[in-house]
Each structure stands twice: as structure tokens, then as C-alpha cells.
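Here are the chains, one letter per residue:
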Amino acid sequence: MRKPAPKQTIPEKLFYKIGEVSRIVGVEPYILRYWESEFNFLKPRKNKSGQRVYVRNDLDLVLQIKRMLYEERYTISGVKKRFGEGSINKGKKTNTKPPAEVIGKVKQELRNILDVLRDRRKIIKLHPE
């Protein structure tokens, strides 16, 4: 049985270049570029000279992808499904609503259900069986 990799400390920086991310994660830069082409959710910014610039969130995603692929033995398509990026949605943006709007709609539906239940209670009291 393989020993788990020792927990590596990640330097606290605003930006990381691809070489730094490669050393931190333990994969070659070409693998990071390949993952970027495969996973739509992994899109590091590029600076004025065109170099990839990773932020901490990108680094966390890369670490999670590596763990899923290498330790948990997911396939590329399995990782995509796990992140909700199935082949049907490839290249399309999902239309997600803001949480406040969704919560507001749920509250309204619950109020409607409560009104229906109150009306039923009135009907049952008026017409006992």
C-alpha cells in the first residue's frame, strides 16, 4: 500500500506562475496545461506577456483534480461529472440564479403550501366526515 504524500505547505502569495504550481502540486507544467484544456472550470488568468497566472483558488482546484485522478483513481470524465461539467454542458454556460433569488422563490412556494394547508383545515372543520 502506498504512503500518502506528505502535506506540503503552500506559500501565501497573490499569484503563482505555472512553474511554481508545478512544483507545489508535483506534476509537470504540460499536465497542468492539459488539465486546463480538459476542465472548463480551470482557467488561470494570463498576464500581459501571456504567462499563466494562478490564484489560490486555481491552485486548490489543481490539488483537488490531482487527488481525484491520482489517489481516488477517477477518470477525466469522472472528474468532469463530479464537478458538474458533463459532456452535454461542454462549452455551454450554465444558467444559475443568485442564491437570494432561489431562496425567495422557495419561501414563496412554502407560503403557498401553507396557505393550501390552512384552507384545507378550514374545509375539514366546515364539513366533518
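Above: the structure in question.
These numbers were taken from a predicted model, which means no experiment stands behind them. (Residues numbered from 1 in each chain as written. Predicted model: local features only at pLDDT ≥ 70, side-chain atom pairs only at ≥ 80, totals over all residues. Heavy atoms only, no water.)

1. Digging into the sheet that holds strand β1 (residues 16-17)
Spatially, the three strands line up as an open sheet ordered β1-β3-β2, and their pairing is antiparallel. Edge positions in the sheet fall to β1 and β2 (45-46), since each has one partner strand and no second. Lying over the sheet, helix α3 (residues 56-71) contacts β1 and β3 (52-54), oriented at roughly 90° with respect to β3. (Pairing = 2+ DSSP bridges. Helix = DSSP H or I, 4+ residues; strand = E, 2+ residues; numbered from the N terminus. Contact = heavy atoms within 4.5 Å. Axes fitted to C-alpha atoms, helices over the stretch in contact; angles between N-to-C directions.)

2. Regarding the packing of aromatic side chains
Where two aromatic rings form a pair, the distance of their centres and the angle of their planes describe that pair. In the structure shown here, the tally under the stated rule is three aromatic pairs. With 6.3 Å between their ring centres and 80° between their planes, Trp35 and Tyr70 make a pair best called edge-to-face. Highlighted residues: Trp35 in helix α2 (residues 29-38) and Tyr70 in helix α3, separated in sequence by 35 residues. By relative accessible area, which is 34% here, Tyr70 ends up partly exposed. The rings of Phe39, Phe41 and Phe83 are connected pair by pair, giving a single aromatic cluster. (Phe/Tyr/Trp six-rings, centres within 6.5 Å; stacked < 30°, edge-to-face > 60°. Buried < 20%, exposed > 50% of the residue type's maximum accessible area, 1.4 Å probe, protein only.)

3. Comments concerning the environment of Glu36
Within the secondary structure, Glu36 sits in helix α2. Of the residues examined, Glu36 reaches a relative accessible area of 9% and is grouped as buried. Excluding anything up to four places from it in sequence, Glu36 contacts Leu42, Lys43, Pro44, Arg52 and Tyr54. Polar side-chain contacts of Glu36 include one of 2.6 Å to the side chain of Arg52. (Polar contact = N/O pair within 3.5 Å; in protein donor to acceptor, adjacent residues only side chain to side chain.)

4. Remarks on the environment of Glu12
Considering the arrangement of structural elements, one finds Glu12 in the segment before β1. Under the relative-accessibility criterion, Glu12 is labelled exposed at 69%. Measuring from C-alpha to C-alpha, the distance between Glu12 and Arg56 comes to 8.3 Å, with 44 residues separating the pair along the chain. Of the polar contacts made by the side chain of Glu12, one reaches the side chain of Arg56; its length is 3.2 Å.

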